[in-house]
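# Geometric and topological summary
Read off the chains here:
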Amino acid sequence: MFSKVNTFGLSGLNGFSVTVECSTSKGTPDFRIVGLGDTSIQESRQRVQAALNNSGFDISMVKVSVNLSPADIRKSGSSYDFPILISILAAMEKIVPPSGSDVFIGELSLSGELTGTKGVLPMTAAAKEKGFKRIFLPSVNVHEASLVRGIEIYGINNVGQLAAFLRGELKLAPASPYEPSPKDYADISDFSDVKGQENIKAAIQTAAAGFHNLLMIGPPGSGKSMIAKRIPGIMPDMTFEESIETTSVYSVAGLLDDNSPFITRRPFRPVSHTASGAGIVGGGKNPSPGEISLAHNGVMFLDELPEFRRDVLETLRQPLEDKKVVITRASGKTSFPCKTMLVAAMNPCPCGNFGSEGKCGCSPIAISKYLGKISRPVLDRIDIQTEVNAVKYSELRSDRSGLSSSELKENIHKAREIQKQRFKGTGMLFNSEIPPSRIREFCPLDSKAEDFLRGSFDRLGLSARAYDRIMKVARTVADLEGSDIINKRHISRAVQYRTLDRKYWQ
């Protein structure tokens, strides 16, 4: 007998339709799976056989051939277990064949239970786009899948339950849509705890408002890490579309909370300097997202930047520019989004006291070697560079509190609303996304600002990329002041944020 069952596979965050074809016949018992499946799919034979046996279905005397079509696309993962099992039962006429508008996704345990599966959200979204009406998957993935409206979601606990449903012996109701509740930032400390550093808060405010990359340079103990950890609490609230994108990345990585699977606040991903290139940008035999993609629509924090291997930092160049990671393997290309705000912190020298009141004992060669781990192309992709000075005793003992997170977020929200109106219908959300071809359109200068920028460009020897980034930062500074036109003060601030590479990387 013969049967067909629909399922979906994943390439990056893109779901693609797969038809599981099964043919059963009498003869020498055999079980083969073809269709360019990886090791995990070949191993599914053991899981499917055990699940069938422990669910009361005997296939020990049956010849089974399964094909995953299209056969020229490589497939990976354990989510094919469930549709393979259903196709076998349908071919053996143990169940009523599923409708052509049904989709099955899920991994099986040996007992016949369905276990949680990675990538359910993007696969469900793809199934809905293809016009499928119902999707059957593990109960633990129901909340995640029901974020997609317009397709019926059925949570299944075990093989016997679904078999009874398909035979008409059991009634199942589709899951109710999951209504996520926004999470606040109560667990993130407030900026009012940061003593002094008001100039740094202004730079942070600009970076968060326009989603600009940021580098902080200063001696140990000046508060760089403390400041970075507070950034998510002042960033603009995520849109629903941003939340879906970020949740999809975490779904593919298998990092979602089953009870609260919808990400409603911007990720903050601190990365150790021991991380490899694959750990940061993604990779593996079956490519999975790295830290820069897990920080999609949020912040990736690299502390002690020069301690990272230079070749690891160089892997960031293209993702920071293109806002996506492309991983090439012999089997094809996989891409992951990485619209990420890079926040980095570093000491100015190995001991950390170069240029500060503390005594620096580092030789010029040691300082040059330390700073040389960060290349000019990487620096060029960091929009805002600012010094963080050591906090004075009088500031630490002062009762006066500086700008709080709520005050900073209110200013950022106003600038965000201006950007929302400016970019309506363009697909852009922040000033950092303005393409070079539209700089003149979105960043008009008055005559004094034009003259100042021309002089700065010649005097500092800025690159074309630096020019674009200065214009985008100036646009954000102007938005924070509610100005449509970029004036000299706005350009001056943006240029000031680009001078540290000239100071330290002569």
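All figures in this text were calculated on a predicted structure; none of them were measured in a lab.

## Re the sheet that holds strand 18 (residues 384–387)
The five strands lie next to each other as 11-14-17-10-18, forming an open sheet whose pairing is parallel. Here the strands that pair on one side only, and so sit at the sheet edges, are strand 11 (268–271) and strand 18. Direction aside, neighbouring strands of the sheet carry axes that sit 15° apart on average.

## Section: the side chain of Thr7
By secondary structure assignment, the location of Thr7 is in strand 1 (residues 2–11). With residues up to four places along the chain from it excluded, the contact list for Thr7 reads Phe16, Ser17, Val18, Val20, Ser79, Tyr80, Pro83, Val103, Phe104 and Ile105.

## Notes on the pattern of salt bridges
Enumeration according to the criterion identifies 27 salt bridges in this entry. Glu169 serves as the salt-bridge partner of Arg167, at 3.1 Å between the closest nitrogen and oxygen. A residue is classified by how much of its surface remains accessible, and Arg167, at 35% relative accessible area, is partly exposed. Judged by its relative accessible area of 56%, Glu169 falls in the exposed class. Residue Glu321 pairs with Arg465 through a salt bridge whose shortest N-O separation is 3.2 Å. With Glu321 in helix 12 (residues 317–322) and Arg465 in helix 19 (residues 464–480), this residue pair connects regions lying 144 residues apart in the sequence. Several salt bridges converge on common partners, so that one network encompasses Glu321, Asp380, Arg381, Asp383, Arg465, Arg469 and Arg498.

## What to know about unusual backbone geometry
Following Ser69, the chain continues into Pro70 via a peptide bond in cis, with omega recorded as 5°. Counting through the fold element by element, Pro70 comes out in the loop between strand 4 (62–69) and helix 2 (81–91). The phi angle at Leu36 is positive, at roughly 65°, despite the residue not being glycine. Along the chain, the position of Leu36 falls in the loop between strand 3 (30–34) and helix 1 (39–53). Positive phi outside glycine occurs at Asn297, with the angle close to 65°. You can see Asn297 is positioned in the loop between helix 10 (291–294) and strand 14 (299–302).

## Re the nonpolar core
Soluble globular proteins: nonpolar side chains tend toward being buried together. With 49 residues, the main nonpolar core has Ile204, Met216, Ile231, Val343 and Ile491 as its most contacted residues. No other element matches the seven residues that helix 19 contributes to this core. Among residues more than four places away in sequence, those in contact with Val343 are Leu214, Met216, Ala228, Ile231, Val299, Met300, Phe301 and Leu302. Within the second largest apolar cluster, 43 residues are counted, among which are Leu256, Cys338, Tyr370 and Trp505.

The rules behind each value
Residues numbered from 1 in each chain as written. Predicted model: local features only at pLDDT ≥ 70, side-chain atom pairs only at ≥ 80, totals over all residues. Heavy atoms only, no water. Pairing = 2+ DSSP bridges. Helix = DSSP H or I, 4+ residues; strand = E, 2+ residues; numbered from the N terminus. Axes fitted to C-alpha atoms, helices over the stretch in contact; angles between N-to-C directions. Contact = heavy atoms within 4.5 Å. Salt bridge = Lys/Arg side-chain N within 4 Å of Asp/Glu carboxyl O. Buried < 20%, exposed > 50% of the residue type's maximum accessible area, 1.4 Å probe, protein only. Core = buried A, V, L, I, M, F, W, Y, C linked by side-chain atoms within 4.5 Å.

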